[in-house]
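Structural features, examined
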Amino acid sequence: MVRRSRSRTQSSTPLRSTPSAGDRPPAAAGSPSPILELLVVFVLVFVVQGPTALAGVMGMLFVLAPPLSTNPWTIVTSVYAHSGLGHLLSNSLALIVFGWPVARATTRLRFHVFFAIAGAIAGVAQLVLTGTLAALPIVPVAPTAGVLGASGAVFALLGYLVASNRLSSGLASLVDVPGWLSALVFVGLALGLTLATASPGVAVLAHFAGFLVGALAGRTRVLAVGS
């Protein structure tokens, strides 16, 4: 993610319900992977960004900017837009690496809803936090004028993967770790990963918020089928 400065039937035997394709993980249902679907959406949106930029409406359609009430649809559309080819390719690669294990363990619908919500929260967090910090005289932070990109949602997938994998669950069952300590560990991981990806023009607070959203979702296993 980057920021811009400023029928009914009868039977003699009991009926058994079987989960539909939408209720089973993609690998089990034999349906297309949500990762591939997202990649297609990324490319289509990127193609549309060209002519809309020439028409002078790209920002109105795809850039999340304050105040949020002006173009509220950008809370979602900005998640799928990118500032350039390099931005698109890097987020696509990260989506494949971190998203594929998560997608295989959940349903297409849950995955897409989680991706959109996590990305939206990350983008909004970038605007709200920088705006709040910029109001403090002792904090040298400029308010974010606009943000777009899928990296906040990708960081959420990474956070979910870290918090919900078998190794983390196994350690948690063997060692009695206080809740506050677990929270501190995840905040530290989020901070470290955020600083590792920090560079000019990068919405680092969106990365931070996205990872925390994913870690919280992973601890509660909100994407687990049957939950």
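Preceding block: the structure.
Along every chain, residues carry numbers that run from 1 in the direction the sequence is written. Only residues with pLDDT of at least 70 are given local features in this predicted model, and only at 80 or more are side-chain atom pairs given and counted; all residues enter the totals for whole chains, interfaces and linings. To obtain the side-chain values, all non-hydrogen atoms of the structure were used and water was disregarded.

1. A short note on the pattern of salt bridges
- Salt-bridge detection follows one rule: a side-chain nitrogen of Lys or Arg within 4 Å of a carboxyl oxygen of Asp or Glu. Under the counting rule described, the total for this entry stands at one salt bridge.
- With a shortest N-O distance of 2.4 Å, Glu37 and Arg108 are connected by a salt bridge. Highlighted residues: Glu37 in helix α2 (residues 34-54) and Arg108 in helix α6 (residues 108-134), separated in sequence by 71 residues. The helix and strand labels rest on DSSP assignments: H or I over at least four residues marks a helix, E over at least two residues marks a strand, and numbering proceeds from the N terminus.

2. What about the packing of helix α7 (residues 151-164) against helix α10 (residues 204-220)?
- It is the contact of α7 with α10, at a shortest axis distance of 6 Å, that shows an interaxial angle of 35°. For α7 against α10, the interelement crossing comes out right-handed. Residues Ser151, Gly152, Phe155, Ala156, Leu158, Gly159, Tyr160, Val162, Ala163 and Ser164 of α7 touch α10, and the partners they reach there are Ala206, His207, Gly210, Phe211, Gly214, Ala215, Ala217, Gly218 and Arg219.
- Three classes are used, and their members are as follows: Ala, Val, Leu, Ile, Met, Phe, Trp, Tyr, Cys and Pro are nonpolar, Asp, Glu, Lys and Arg are charged, and the others, Gly among them, are polar. Of the residues belonging to the contact of α7 with α10, the class tally is ten nonpolar, eight polar and one charged. Axis lines are fitted through C-alpha atoms, for helices just across the contact stretch, and the angle between N-to-C directions can take any value from 0 to 180 degrees. By definition, any crossing whose near helix is turned counterclockwise from its far helix by less than a right angle is left-handed, and any crossing with a clockwise turn is right-handed. Residues count as neighbours in contact if any of their non-hydrogen atoms are within 4.5 Å of one another.

3. Notes on α10
- Multiplying 1.5 Å by the residue count of a helix minus one yields the expected span of that helix. Between its first and last C-alpha atoms α10 spans 25 Å; for 17 residues at 1.5 Å apiece the expected length is 24 Å, and the two agree.
- Following α10 by one or two positions, Arg221 adopts a phi angle in the positive range, close to 55°.

4. Overview of the side chain of His207
- With respect to the element layout, His207 can be found in helix α10.
- Polar side-chain contacts of His207 include one of 2.9 Å to the side chain of Ser151. N or O atoms closer than or at 3.5 Å make up a polar contact, with two conditions inside protein: a donor-capable atom paired with an acceptor-capable one, and, for residues adjacent in sequence, both atoms drawn from side chains.

5. A short note on the nonpolar core
- Buried Ala, Val, Leu, Ile, Met, Phe, Trp, Tyr and Cys residues that are joined via side-chain atoms within 4.5 Å together make up what is termed a nonpolar core. Only protein chains enter the accessibility calculation, which uses a 1.4 Å probe; a residue is then buried when its area is under 20% of its type maximum, exposed when over 50%, and partly exposed in between. Ranked by size, the top nonpolar core spans 30 residues in total, and within it Phe42, Tyr80, Leu95, Phe111, Phe114, Phe115 and Leu157 carry the most contacts.
- Contributing elements (two or more residues each) for this core: α2, α3 (58-62), α5 (85-104), α6 and α7.
- For Phe42, the residues in contact, after removing those within four places along its chain, are Val79, Tyr80, His82, Leu88, Ser92, Leu95, Phe115 and Ala150.
- Within the second largest apolar cluster, six residues are counted, among which are Leu64, Ala122, Leu127 and Ala206.

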